[in-house]
Amino acid sequence: RDDAKRALDALAPAARAAMKDRAGAWASQVLDVTRGDGANDGEHAQQVAWVLAPRTPEEIEAIRAATRAQTGGHETIYQELSRSMSGGNRDEAIAGLSGDPVHAAAMGLVNASGDGARTAEILRGLDPAQLAALKTRTPFGAGWIGADLDGAHRAEVDALVAGDRAGADAAQLAGLLEEPD
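Quick notes on the rules
- Residues numbered from 1 in each chain as written.
- Predicted model: local features only at pLDDT ≥ 70, side-chain atom pairs only at ≥ 80, totals over all residues.
- Heavy atoms only, no water.
- Salt bridge = Lys/Arg side-chain N within 4 Å of Asp/Glu carboxyl O.
- Helix = DSSP H or I, 4+ residues; strand = E, 2+ residues; numbered from the N terminus.
- Buried < 20%, exposed > 50% of the residue type's maximum accessible area, 1.4 Å probe, protein only.
- Contact = heavy atoms within 4.5 Å.
- Patch = residues over 30% accessible without salt bridge, like charges linked within 9 Å, V, L, I, M, F, W, Y side chains within 5 Å.
- Areas by Shrake-Rupley, 256 points an atom, 1.4 Å probe, with all protein chains shown as cover.
- Axes fitted to C-alpha atoms, helices over the stretch in contact; angles between N-to-C directions.
- Parallel < 35°, antiparallel > 145°, perpendicular 65-115°, else oblique.
- Nonpolar A, V, L, I, M, F, W, Y, C, P; charged D, E, K, R; others polar.

A.B. asks: Explain the pattern of salt bridges to me, and be specific about the residues and the numbers.
C.D. replies: Counted under the stated rule, the structure contains 10 salt bridges. One salt bridge connects Arg64 with Glu61, and the closest N-O pair in it is separated by 3.8 Å. Here the residue Arg64 and the residue Glu61 both occupy positions in helix H4 (residues 57-70), the gap between them amounting to three residues, near one helical turn. Residue Arg64 is classed as buried on the basis of its relative accessible area of 13%. By relative accessible area, which is 5% here, Glu61 ends up buried.

Quick look at the structure:
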């Protein structure tokens, strides 16, 4: 976190002001979720993940500061997340505070177990370098990703893990065209 603070301090005044504005908006989005009804459900956990997971360490540090400012210094973003979420939803949200999109994606994939659409969404949010890092950072390799899925979702996820976006798009389209059970 110290490196992120130093990087923020080194920004030009205009860039620092722009970061503060963006971080304020992101912090507001997280606080809207954590202070709303049903904050611990999967949909709300996804909303928090959409805000936090792709952020850099510098952006996360700015969000931390904005959260403290918006709560009058009474709550940190960690306290907000810990208070309003539990289990896998909390783990996924707190992983977003790492400033490491690959770690956040890994925790999101664990939390999304059995949810093919969410699993695909997380994988589609990774660029090729992040996807490669995800496959090498986990002790189990990439075989666990989507192992609990079947049908079109499994085909889409397998293609995404392989880095085949066109194949994933085709599998997603095929799934949309399938007759419901």
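A.B. asks: So what's going on with the environment of Pro57? Residues and values would help.
C.D. replies: Tracing the backbone shows Pro57 in helix H4. Apart from residues lying up to four places away in sequence, Pro57 is in contact with Ala4 and Gly99.

A.B. asks: So, a nonpolar patch on the surface: which residues are in play, and what are the values?
C.D. replies: Together, Leu173, Leu176 and Leu177 make up a nonpolar patch on the protein surface, roughly 360 Å² of accessible area in all. With respect to the helices and strands, Leu176 occurs in helix H11 (residues 165-177). Residue class for Leu176 comes out exposed when judged on its relative accessible area of 66%.

A.B. asks: Describe the environment of Leu149, naming the residues involved and giving the relevant values.
C.D. replies: With respect to the helices, strands and loops of the structure, Leu149 is situated in the loop between helix H9 (128-137) and helix H10 (151-161). Leu149 gets classed as buried once you look at its relative accessible area, which sits at 9%. Along the sequence, Leu149 and Ser113 sit 36 residues apart, while their C-alpha atoms lie 8.4 Å from each other. Those residues within four positions of Leu149 in sequence are excluded, and the remaining contacts are Gly114, Asp115, Gly116, Thr119, Arg154 and Val157.

A.B. asks: Got a sec to walk through the packing of helix H7 (residues 101-111) against helix H8 (residues 116-124)? Specific residues and values, please.
C.D. replies: Between H7 and H8, whose axes approach to 9 Å, the crossing angle comes to 170 degrees. Classed by the angle they form, the pair H7 and H8 counts as roughly antiparallel. Across from Ala105, Gly108 and Leu109 in H7, the residues of H8 making contact are Thr119, Ile122 and Leu123. Here the contact of H7 with H8 is composed, by residue class, of four nonpolar, two polar and no charged.

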